[in-house]
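The chain contents come next:
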Amino acid sequence: MSQVLKLGIPAGSLQEATRELFRRAGYVISFTSRSYYPGIDDDEIECTMIRAQEMARYVEQGVLDAGITGRDWVAETGADVHEICELRFSKVSREPVRWVLCVPNDSAIRTVADLEGKRIATEAVRLTNDYLERHGVSAQVEFSWGATEAKPPRLADAIVEITETGSSIRANNLRIVDVVMTSTPRLIANHAAMDDAWKVAKLENLALMLRSCLAAEGKVGLMLNARSENLHTITGLLPALKMPTVSRLSEEGWIAINTIIDETTVRSLVPKLRAAGARGIVEYAINKIID
């Protein structure tokens, strides 16, 4: 019987972003309505959709070999799992999400010290209690089942809520007092899986392909030809990952240069390269970067 890696896919806000990342890495995940067991075009992987909040617990218990969830939820559950790698992606951007301490705009609370004896609503009770303990503050922390932003000031003095852009915080007339924690998705596995050589190899290969796609984001390749005497001038303009690749062309005195640059620099860089003697400039897409 062939071996299978039981992999947890985060349901909810990260679901579509995860599918897209896997697609770019060469894996096709197929979601069907009302099913929590998506298909994947790899017979050695069995996917299960789990809420990110529960992922670490199921991985720790061995229900799943591995899964993708935020660093915040690993900390919140206190799960003893192995972190394979960070995967810096999200629903909106590539920036970490933040758990923030918020109060109404007109609240007298200005610092964490002002929370002494106050009521705080949050989904992340452990994270909030740990934060308060670090600051020597005693407050009543209550679990919030949802609509947390609507609870101050009537149902809570403050909240600790997750945000990516801060738009929902502002929309509810709240202001941020402090950042409790920043978090990014992680590929995690349980210790039993990490003792299995086959599963380790499978997870390392998966991590390699996923990370290579993230590394390529915002990058493009640039190829160009130039006369040999212009090499130093042109390479001096190129902000390469390392050193650009330079090779001789069949025509005497000409060289080819190949490099990878930030896509945002192309529009300002190409005119400078042409002015420095570059010809036959070609920009091309980069799907993966593997060191």
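Residues numbered from 1 in each chain as written. Predicted model: local features only at pLDDT ≥ 70, side-chain atom pairs only at ≥ 80, totals over all residues. Heavy atoms only, no water.

1. Examining the packing of aromatic side chains
Going through the model one piece at a time under the given rule, you end up with three aromatic pairs. With a centroid separation of 5.6 Å and 85 degrees between ring planes, the pair formed by W73 and W99 is classed as edge-to-face. In this pair, W73 is assigned in helix 3 (residues 71-77) and W99 in strand 7 (residues 97-104), connecting sequence segments 26 residues apart. An identical accessibility class is assigned to W73 and W99; each is buried. Look at F143 and W145: their rings are 4.8 Å apart centre to centre, the planes differ by 85 degrees, and that puts the pair in the edge-to-face class. Using a relative accessible area of 38% as the deciding quantity, one classes F143 as partly exposed. If you follow R57 out to its NZ or CZ, it ends over the ring of Y58, 4.8 Å from the centre. (Phe/Tyr/Trp six-rings, centres within 6.5 Å; stacked < 30°, edge-to-face > 60°. Helix = DSSP H or I, 4+ residues; strand = E, 2+ residues; numbered from the N terminus. Buried < 20%, exposed > 50% of the residue type's maximum accessible area, 1.4 Å probe, protein only. Lys NZ or Arg CZ within 6 Å of the ring centre and 35° of its normal.)

2. Describing unusual backbone geometry
Omega for the peptide link from P152 to P153 comes to 0 degrees, which places this bond in the cis form. Residue placement: P153 occurs in the loop between strand 9 (140-143) and strand 10 (158-163). Positive phi is not limited to glycine here, since N173 has a value of about 55 degrees. Its location among the elements puts N173 in the loop between helix 5 (167-171) and strand 11 (174-183).

3. Here's the deal with the nonpolar core
In this structure, L7, I9, F22, L87 and F89 are the most contacted members of the largest nonpolar core, which totals 30 residues. Elements with a contribution of two residues or more to this core: strand 1 (5-11), helix 1 (15-25), strand 4 (45-51), strand 5 (66-70), strand 12 (185-189) and helix 7 (197-216). Top contributing element to this core by residue count: helix 7, with six residues. Residue contacts for F89: discarding those within four places in its chain leaves L14, A17, T18, L21, I68, R94, P185 and L214. Residues L101, L115, V137 and V177 belong to the second largest nonpolar core, which totals 20 residues. (Core = buried A, V, L, I, M, F, W, Y, C linked by side-chain atoms within 4.5 Å. Contact = heavy atoms within 4.5 Å.)

4. With respect to the state of the cysteines
This model, assessed by the stated rule, comprises zero disulfides. Left without a disulfide partner, C47 is nearest to the cysteine sulfur of C85, which lies 16 Å away. Cysteine C213 remains unbridged, with the sulfur of C85 as its closest cysteine sulfur at 12 Å. (Disulfide = S-S within 2.5 Å.)

5. Re the side chain of S144
Tracing the backbone shows S144 in the loop between strand 9 and strand 10. By relative accessible area, which is 2% here, S144 ends up buried. At a separation of 2.8 Å, a polar atom in the side chain of S144 contacts the side chain of K151. Excluding residues that lie within four positions of it along the chain, S144 makes contacts with A121, T122, E123 and K151. (Polar contact = N/O pair within 3.5 Å; in protein donor to acceptor, adjacent residues only side chain to side chain.)

In short, the description is geometric, and any link to function would need to be established separately.
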